[in-house]
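Working through the structure, step by step
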Amino acid sequence: MLRQQDVGHRIVVRRIVGIREGRTLFSDALGELVELSETHITLSTDAGPLRVPVAEVHRAKRVPPARRPTAAAVVALELAADEAWPAPVRGRLGDWRLRWADGWTGRANSALPVGDPDRPLPAALDAVQRWYAERGGPALVNTPLPLAAPVGAELDARGWTSRPPVLVQTVPLRTLTAAPPPADAAGVPPVTLADAPADDWLAIAAGRKGGLPDAARQVLTGTPRVRFAELREDGRLLAVGRGTVTGGGRWLGVSLLETVPQARRRGLAAAVVRALAGWGAAEGATHAFLQVEQSNTGAVALYRGLGFTTHHTYLTRVAPAA
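Residues numbered from 1 in each chain as written. Predicted model: local features only at pLDDT ≥ 70, side-chain atom pairs only at ≥ 80, totals over all residues. Heavy atoms only, no water.

1. Re the pairing of strand E7 (residues 96–100)
Applicable threshold: Residue burial is assigned from relative accessible area. The probe radius is 1.4 Å, only protein chains are included, and a residue is buried under 20% of its type maximum, exposed over 50%, and partly exposed in between. Secondary structure elements follow DSSP: runs of H or I no shorter than four residues count as helices, runs of E no shorter than two count as strands, and numbering proceeds from the N terminus. Pairing between strands requires that DSSP locate at least two bridges from one strand to the other.
In terms of residue burial, E7 counts as a mostly covered element, since five of its five residues are buried. Going residue by residue along E7, you find Trp96, Leu98 and Trp100 tucked away on one face and Arg97 and Arg99 tucked away on the opposite face as well. Pairing of strand E6 (residues 89–93) with E7, which is carried by five bridges, proceeds in the antiparallel orientation. The partner of Arg92 across the bridge, within E7, is Arg97. Here E6 hands over to E7 after two residues, with Gly94 in that stretch at a positive phi of 65°.

2. Some details on the side chain of Asn109
Quick note on the threshold: The definition of a polar contact used here is a pair of N or O atoms within 3.5 Å, where within protein one atom must be able to donate a hydrogen and the other to accept one, and adjacent residues in sequence count solely through side-chain atom pairs. Any pair of residues with heavy atoms lying within 4.5 Å of one another is described as a contacting pair.
For Asn109, the position within the fold is in the loop between E7 and helix H2 (121–134). Among the polar contacts listed, one links the side chain of Asn109 to the backbone oxygen of Thr105, at a separation of 2.7 Å. Discounting chain neighbours no more than four positions away, the residues touching Asn109 are Arg99, Trp100, Ala101, Asp102, Gly103, Trp104, Tyr132 and Leu140.

3. Comments concerning helix H7 (residues 268–282)
Turn by turn, an α-helix covers 3.6 residues, leaving residues three or four places apart pointing in a common direction. Let me state the cut-off plainly: A helix's residues, less one, multiplied by 1.5 Å, set its expected span.
Its 15 residues give H7 an end-to-end C-alpha distance of 21 Å, which sits within 8% of 21 Å, the value for a rise of 1.5 Å per residue. Counting buried positions over the 15 residues of H7 gives eleven, a clear majority of the element. Of the positions making up H7, those classed as buried are Leu268, Ala269, Ala270, Ala271, Val272, Val273, Ala275, Leu276, Ala277, Trp279 and Gly280. Directly after H7, the chain includes Gly284, whose backbone phi takes a positive value near 100°.

Taken by themselves, the reported measurements are silent on function.
This is the structure in structure tokens:
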């Protein structure tokens, strides 16, 4: 059976799906193991997330990986994403990044354990907990998988929990800029890109993220190359998005993509992504990335339709309450 060391690796699961004429029926699933608990295992598959009760698992094992990015590629993308979402308070633990933004979003308030922390792993995690305790917040660690699987195993031993798995997805910008708009996009209003977010843009972001403290504004505007996409109809803001160019100019980061509920299913979000892609390409970027919770099946389907594929996954780990 599987162990915590298998999280972040490719596995095959044979599960029981029923009984017919006294014979047990099985179904096989192949994907990346992103979570393993006492009751369920969760895989990231080509068809989307799959959560299987342990009671239904007949057999499961690790299999050789499909072509996956190198450790260096994962580190480079994680650092580009860190640039794109810059926490106003930052620290270092060897190569590890420590980030604090008054609790606004997990990404801006978590340690990023890539590289060498310049001390043994247990001591590094003790230092992480002290750093966040000094700021009055819970200790969080973002663990890119399988790169940070050893960190994850140590956190498991310490009783840390996990937030839902997040997919880090990428696509060549030429895929976004070369594709013709869909036939039903004829009635989509144009997208404009601003250097700074308008008040109603910020209001949509605040509604999505549960408020907008001063630290949040620093996160949103602290990247030198950033644009705020707006799609309006009769003066009313219907869809927004944020684009950044980081990682030495290679990566367009797409974030805070949102369409107001009454305007959904019109292709507005896709139009925002394409507009940001055009800007990113003009800035010299060659690829786009975004981060999306695996459980957000609607968004995952949208991004799949635009050509995004999963580069790697990460888990945000949460320290147990003191």
